[in-house]
Amino acid sequence: MQTKFILPENEMPEAWYNIVADLPSPPAPVLNPGTKQPIGPDDLAPLFPMEIIGQEVSTERYIPIPEEVREAYRLYRPSPLYRAHRLERALDTPAHIYYKYEGVSPAGSHKPNTAIPQAYYNKAEGVKRISTETGAGQWGSAMAMACTFFDLELKVYMVKVSYYQKPYRRSMMELWGATVVPSPSPDTQAGRQVLSDDPDSPGSLGIAISEASEDAATRDDTKYSLGSVLNHVLLHQTIVGQETLKQMELAGEEADVVIGCVGGGSNYAGLAFPFLRRRLVEGAKTRFIAAEPEACPSLTRGEYRYDFGDTAETTPLMKMHTLGHTFMPPDIHAGGLRYHAMAPLICHLHDLGLIEARAYHQTAVFEAAVQFARTEGIIPAPESAHAVRSAIDEALAAKEAGTKKVIVFNLSGHGHFDMSAYDKYFAGELEDFAYPEAAVREAMKAVPVV
Ligand SMILES: *Cc1c(COP(=O)(O)O)cnc(C)c1O
């Protein structure tokens, strides 16, 4: 009865998988907000290095992982795949549950999988300094580690509520050499604008993105870096699913259902896209479920149309499921899932009927997280706990139906910096926010008509 499926280092995948090569129809183009015409590489050049821009628009099926990136990946990759025997027993289910654990990275989540190559490509093109935003701090800490590996300066605009609520995430970033400021900050035009309208603004991911991208666009030595949503970020994460395919082979099983939580969509894409390739190309029957918060349900409730990626309307327009770029999600503890929209590639696959979406209230999510921690030991990040909830529900449905089912989910990170949220859950102080329908309706008025 094997529990861990471990790949040796020499079995680590040598290329990322680009699902665009295998899609039945191409994703909608990214548009310039002024002209409403598709953007070209020149539009992105002030923000990203050329290699990243090339990956953003690539239709090559496989893109080689540079050796310098593989060297850093080997600090924590290949990551383990676990069979959740103890959770299965507790649920008394005929389902087999597997989880890919990305919390083994030094930063504690899947985010270094893209932070490392992004830092590498910037360094290779002579960039000296990077600007980025972070919500709960996972992305900022992954980028801080990657930048110190490749000797780059980093400035992080951290959403103000998290800056004060998660002081240890900030300490981690500073330990790895980054400069961190609470956003909205007085350091950018976008930040000053928000502060003059509302000096007590708690900040949001959309505002922080506006600040970080302005920082990069207005300085010659600086480029911008994003931790989710964009095609190249999802691409880098596919190392997760490619490893998992090999590990499922070691386990001698085929996945029936592949599950992940979705904020911007990167950890789920990373696990799911290599499995989706087998459905698209080889006719596998696998189902795909994306799990999101009821308080910020872009995929289940958002309209599928063009919107900005940030609050200040500085990004290009992308076709996404959106709740409106000015939408301020309720203050749920899964900070990494508080984004108004969703990766265009995930939305396209959802639109094609290949990915299903589910939304959960946070008390149900924490209940699942506690059951998981008490059986499997690992304390999940509140974000990852959405995937745990969904996997448990699938396992209970299999029990009800009396059928065996093989479930694979991404445990995207650990929750060691989220213990105050667990305290609140046990104190009965965790609030379930109903779908904020009126706020979304208001925010949708600011979405441009294309
Ligand atoms: C950031 C984060 C997420 C959400 O981001 P995606 O791009 O949707 O993956 C999920 N889980 C953890 C642990 C995170 O840090």
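Above this text you will find the structure in question.
The paragraphs below set out a description of the structure included in this document. Just so it is clear, the structure is predicted and the values come from calculations on it, not from any experiment.

Our next topic: the overall build of the protein chain. Secondary structure summary: the protein chain contains 19 helices and 15 strands in total. Taking 450 residues into account, the globule formula puts the C-alpha radius of gyration at 22 Å, and the protein chain, at 20 Å, falls close to it. C-alpha extents for the protein chain along the principal axes are approximately 60 × 50 × 45 Å. Classification of the 450 residues of the protein chain by burial places 62% in the buried group. Looking at the protein chain alone, contacts between residues at least 24 apart form 77% of all its contacts between residues at least 6 apart. Surface accessibility of the protein chain: about 16900 Å² in total, with carbon and sulfur atoms responsible for 50%. One way to put it: in the protein chain the 41 positive side-chain charges average out to a point 4 Å from where the 57 negative ones average out.

A separate point is the state of the cysteines. If you walk through the whole model with that rule in mind, you get 0 disulfides. C347 takes part in no disulfide bond, and the closest cysteine sulfur, belonging to C296, lies 12 Å away. Given a relative accessible area of 0%, C347 falls into the buried group.

This part takes up the sheet that holds strand β11 (residues 287–293). Pairing is mixed across the open sheet formed by 7 strands, whose spatial order is β1-β4-β5-β15-β10-β11-β14. Since the sheet does not close on itself, it has two edges, and those belong to β1 (4–5) and β14 (356–360), each with one partner. Relative to β11, strand β10 (residues 257–261) runs parallel, the two being bridged by 5 bridges. Bridging across to β11, V258 finds its partner in F288.

Counting residues in each nonpolar core, the largest one holds 93 residues, and the members touching the most others are W16, Y73, I116, Y268, F273, L276 and I346. Among the nonpolar cores identified, the runner-up in size contains 29 residues, and A387, V388, A398 and F433 belong to it.

A separate point is the pattern of salt bridges. The full count for this structure, using the stated rule, is 27 salt bridges. Two residues, K100 and E243, come together in a salt bridge whose shortest N-O distance is 2.7 Å. Of the two residues, K100 sits in strand β5 (residues 96–101) while E243 sits in helix α12 (residues 239–251), which places them 143 residues apart along the sequence. Given the relative accessible area of 0%, E243 is considered buried. Residue E282 is joined to R277 by a salt bridge in which the shortest nitrogen-to-oxygen separation is 2.8 Å. For E282, a relative accessible area of 48% corresponds to the partly exposed category.

In this section: the site of the ligand. In the vicinity of the ligand, 19 residues are found, and the nearest of them are K111, S228, G263, S266 and S412. Contact distances for the ligand include 3.1 Å between an oxygen atom and a side-chain N or O atom of H110. In the environment of the ligand, an oxygen atom lies 2.7 Å from a nitrogen or oxygen atom belonging to the backbone of G263. When isolated, the ligand has an accessible area of 380 Å², and the protein chains bury 97% of it.

Taken together, the 4 strands give an open sheet; going across it, the order is β8-β7-β6-β9, and neighbouring strands pair in parallel fashion. On the outer flanks of this sheet lie β8 (179–183) and β9 (222–224), each paired with one strand and no other. Taking each pair of neighbouring strands and ignoring which way they run, the sheet shows an average axis angle of 25°. Running over the sheet, helix α6 (residues 138–149) touches β6 (129–134) and β7 (153–159) and is turned about 160° from β6.

Turning next to the side chain of S79. Along the chain, S79 falls in the loop between α3 (67–73) and β4 (81–83). Overall, the relative accessible area of 1% leaves S79 in the buried class. In this structure the side chain of S79 is engaged in a polar contact, spanning 3.3 Å, whose partner is the side chain of R77. Aside from chain neighbours lying at most four places away, what touches S79 is K100, Y101, E102, V104, E243 and Q247.

When a strand is regular, its side chains alternate between the sheet's two faces. Counting buried residues along strand β15 (residues 406–411), 6 of its 6 residues qualify, which places the element largely inside the surrounding structure. Along β15, one buried face is formed by V406, V408 and N410 and the opposite face, lined by I407, F409 and L411, is buried too. In terms of strand pairing, β5 meets β15 through 6 bridges, oriented parallel. Opposite I97, over in β15, you have I407 as the bridge partner. Pairing geometry for β10 and β15, over 3 bridges, is parallel. Bridging from a neighbouring strand, V257 pairs with I407 of β15.

With that settled, consider the side chain of Q138. Note that Q138 resides in helix α6. When its relative accessible area of 9% is taken as the criterion, Q138 is described as buried. At a separation of 3.4 Å, a polar atom in the side chain of Q138 contacts the side chain of E383. Setting aside residues up to four positions removed in sequence, Q138 forms contacts with S109, K111, R169 and E383.

Attention now moves to unusual backbone geometry. Cis peptide bonds are those with omega within 30 degrees of zero, and the linkage from R77 to P78 qualifies with -10°. Of note, P78 is situated in the loop between α3 and β4. Of note, the amide linkage connecting S183 to P184 takes the cis form, showing an omega dihedral of 10°. As for its position among the elements, P184 is in the loop between β8 and α9 (189–197).

Remark: α9 packs on helix α10 (residues 205–217), axes separated minimally by 7 Å, with the N-to-C direction vectors making an angle of 145°. Between α9 and α10, the residues in contact are Q189, A190, G191 and V194 and I207, S210, E211 and E214, respectively. Taken together, the residues of the contact of α9 with α10 break down into 3 nonpolar, 3 polar and 2 charged.

With that settled, consider α9. The complete set of buried residues in α9 reads A190, G191 and V194. For α9, the buried positions fall inside an angular range of 100° around the axis, keeping them on one side. The elements touched by buried residues of α9 are α10.

Reading guide: rules and limits
- Every chain begins its residue count from 1, and numbering advances along the sequence as written.
- Where totals are concerned, whole chains, interfaces and linings use all residues; where local detail is concerned, this predicted model gives features only for residues with pLDDT of at least 70, and gives and counts side-chain atom pairs only at 80 or more.
- To obtain the side-chain values, all non-hydrogen atoms of the structure were included, while hydrogens and water were left out.
- Each helix corresponds to a stretch of at least 4 residues labelled H or I by DSSP, and each strand to a stretch of at least 2 residues labelled E; elements are numbered beginning at the N terminus.
- With the radius of gyration taken over C-alpha atoms, the globule rule is written as 2.2 Å times the number of residues to the power 0.38.
- Working definition: with a 1.4 Å probe on protein chains only, accessible area under 20% of the residue-type maximum means buried, over 50% means exposed, and in between means partly exposed.
- Residue contacts follow a heavy-atom distance rule, with two residues in contact if any of their heavy atoms lie within 4.5 Å.
- Calculation of accessible area relied on Shrake-Rupley with a 1.4 Å probe; when residues are assessed, cover is drawn exclusively from the protein chains displayed.
- Note that His is not counted, nor are the chain ends; the positive residues are Lys and Arg, and the negative ones are Asp and Glu.
- Where a charge lies is defined by one atom per residue type: Lys uses NZ, Arg uses CZ, Asp uses CG and Glu uses CD.
- In this description, the term disulfide denotes a pair of cysteine sulfurs within 2.5 Å.
- Following DSSP output, two strands are said to pair if at least two bridges run between them.
- Put simply, a nonpolar core is a bunch of buried Ala, Val, Leu, Ile, Met, Phe, Trp, Tyr and Cys residues held in one set by side-chain atoms that sit within 4.5 Å of each other.
- Any carboxyl oxygen of Asp or Glu that lies within 4 Å of a side-chain nitrogen of Lys or Arg is treated as forming a salt bridge with it.
- Any residue with a heavy atom positioned within 4 Å of a molecule or strand is treated as near that molecule or strand.
- A 3.5 Å cut-off defines polar contacts: any pair of N or O atoms within that distance qualifies, except that in protein one atom must be a possible hydrogen donor and the other a possible acceptor, and neighbouring residues in sequence count only when both atoms are side-chain atoms.
- Axis geometry follows a simple rule: fit a line to the C-alpha atoms, using only the stretch in contact for helices, then measure angles between N-to-C directions, giving values from 0 to 180 degrees.
- When residue character is reported, Ala, Val, Leu, Ile, Met, Phe, Trp, Tyr, Cys and Pro are called nonpolar, Asp, Glu, Lys and Arg charged, and the others, Gly included, polar.
- Starting at the helix axis, one direction is taken to each C-beta atom, and the arc is that of these directions.

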